[in-house]
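Architecture and fold: a report
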Amino acid sequence: MKNQRICPFTDFGFKLIFGRDSTKEFTIDFLNCIFAEQDFFSPIVDLEFLDKEAEKYDIESRGAIFDMHCRTSDGKSS
C-alpha cells in the first residue's frame with residue numbers, strides 16, 4: 001500500500017479535512033482558535049455544512065459560495 005497524503009491547500013483536501021460531519025468538532029475548534037484574538041469574536045458552538053457543489057452556469061451568476069453556516073455562543077448565525 002502506498003503512503004498517501006492529503007493536501008489541505010486543495011479544495012478536495014480542505015473539504016475532506018474540515019467539511020464533513022465526522023470532523024465537525026475539529027472544524028469548530030480550528031475556527032475558534034483562528035478567530036479567538038478578534039474583538040468581534042464569540043465562540044462557534046455549531047456548524048451546518050451546506051450544499052457546496054451548486055453549479056454556476058455563467059459569469060454573471062458567479063459569486064461567493066459559503067460552505068458552512070455557523071452559530072455562535074451569543075446566538076448569532078452566519
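In what follows, the accompanying structure is described. Model, not experiment: these values are computed from the prediction. (Residues numbered from 1 in each chain as written. Predicted model: local features only at pLDDT ≥ 70, side-chain atom pairs only at ≥ 80, totals over all residues. Heavy atoms only, no water.)

Quick word on the overall build of the chain
Note the threshold: Helix and strand definitions follow DSSP, with helices as H or I runs of at least four residues and strands as E runs of at least two, each counted in order from the N terminus. Partly exposed describes any residue whose relative accessible area lies between the buried limit of under 20% and the exposed limit of over 50%, with all areas from a 1.4 Å probe on protein chains only and scaled to the type maximum. Contacts were defined at the residue level, with two residues in contact if any of their heavy atoms lie within 4.5 Å. Here the accessible surface of atoms and residues is derived via Shrake-Rupley with a 1.4 Å probe, and residues count as covered only by protein chains that are part of the display.
Along the chain, the regular secondary structure elements total 2 helices and 2 strands. Of the regular secondary structure in the chain, the N- to C-terminal order runs α-α-β-β. Relative to its 78 residues, the chain shows a buried fraction of 21%. Sequence separation of 24 or more characterises 34% of the internal contacts of the chain that already satisfy a separation of 6 or more. Accessible surface, the chain: about 6,500 Å² in total, of which carbon and sulfur atoms supply 55%.

So, the nonpolar core
As a reminder of what qualifies: As used here, the term nonpolar core means buried Ala, Val, Leu, Ile, Met, Phe, Trp, Tyr and Cys residues forming a set that is joined through side-chain atoms within 4.5 Å.
Residues Ile28, Leu31, Ile44, Leu47, Phe49 and Cys70 constitute the largest nonpolar core, which totals 6 residues. When contributions to this core are tallied by element, the ones reaching two or more residues are helix H2 (24-35) and strand S1 (44-49). At 3 residues, S1 tops the list of elements feeding residues into this core. With residues up to four places along the chain from it excluded, the contact list for Leu47 reads Lys24, Thr27, Ile28, Leu31, Met68, His69 and Cys70.

Some details on a nonpolar patch on the surface
For clarity, the threshold we go by: Each patch is built from salt-bridge-free residues with over 30% relative accessible area, joining like charges within 9 Å and nonpolar side chains (Val, Leu, Ile, Met, Phe, Trp, Tyr) within 5 Å. Any carboxyl oxygen of Asp or Glu within 4 Å of a side-chain nitrogen of Lys or Arg constitutes a salt bridge here.
Together, Phe26, Phe30, Ile34, Phe35 and Phe40 line one region of the surface with nonpolar side chains, adding up to about 500 Å² of accessible area. With respect to the element layout, Ile34 can be found in helix H2. Taking the relative accessible area as the measure of exposure, Ile34 reaches 43% and is therefore partly exposed.

A look at the packing of aromatic side chains
Note the cut-off: Planes of paired rings set the category: under 30 degrees apart is stacked, over 60 is edge-to-face and the rest tilted, where pairs are Phe, Tyr or Trp rings (Trp by its six-membered ring) whose centres lie within 6.5 Å.
What the rule picks out here adds up to 4 aromatic pairs. Ring geometry for Phe35 versus Phe40: centroids 6.4 Å apart, planes at 55 degrees, classification tilted. On the basis of relative accessible area, Phe40 is assigned to the exposed category, the value being 60%. An aromatic cluster is present here, built from Phe14, Phe18, Phe26 and Phe30 joined pairwise through their rings.

Some thoughts on the pattern of salt bridges
Tallied over the entire structure, the rule returns 3 salt bridges. Two residues, Lys15 and Asp11, come together in a salt bridge whose shortest N-O distance is 2.8 Å. A residue pair is termed a helical-turn pair when its members lie 3 or 4 positions apart in one helix, as Lys15 and Asp11 do in helix H1 (residues 11-18) at 4 residues. Judged by relative accessible area, Lys15 falls into the buried class, the value being 15%. By relative accessible area, which is 52% here, Asp11 ends up exposed. Ionic pairing is found between Lys24 and Asp46, a salt bridge with its closest N-O pair at 3.2 Å. Here Lys24, found in helix H2, pairs with Asp46, found in strand S1; they are 22 residues apart in sequence, far enough to count as distant. Taking relative accessible area as the criterion, Lys24 reaches 22% and is therefore assigned partly exposed. Salt bridges sharing partners connect three or more residues here, namely Lys24, Asp46 and Arg71.

Take it as geometry only, folks, not as evidence of what the structure does.
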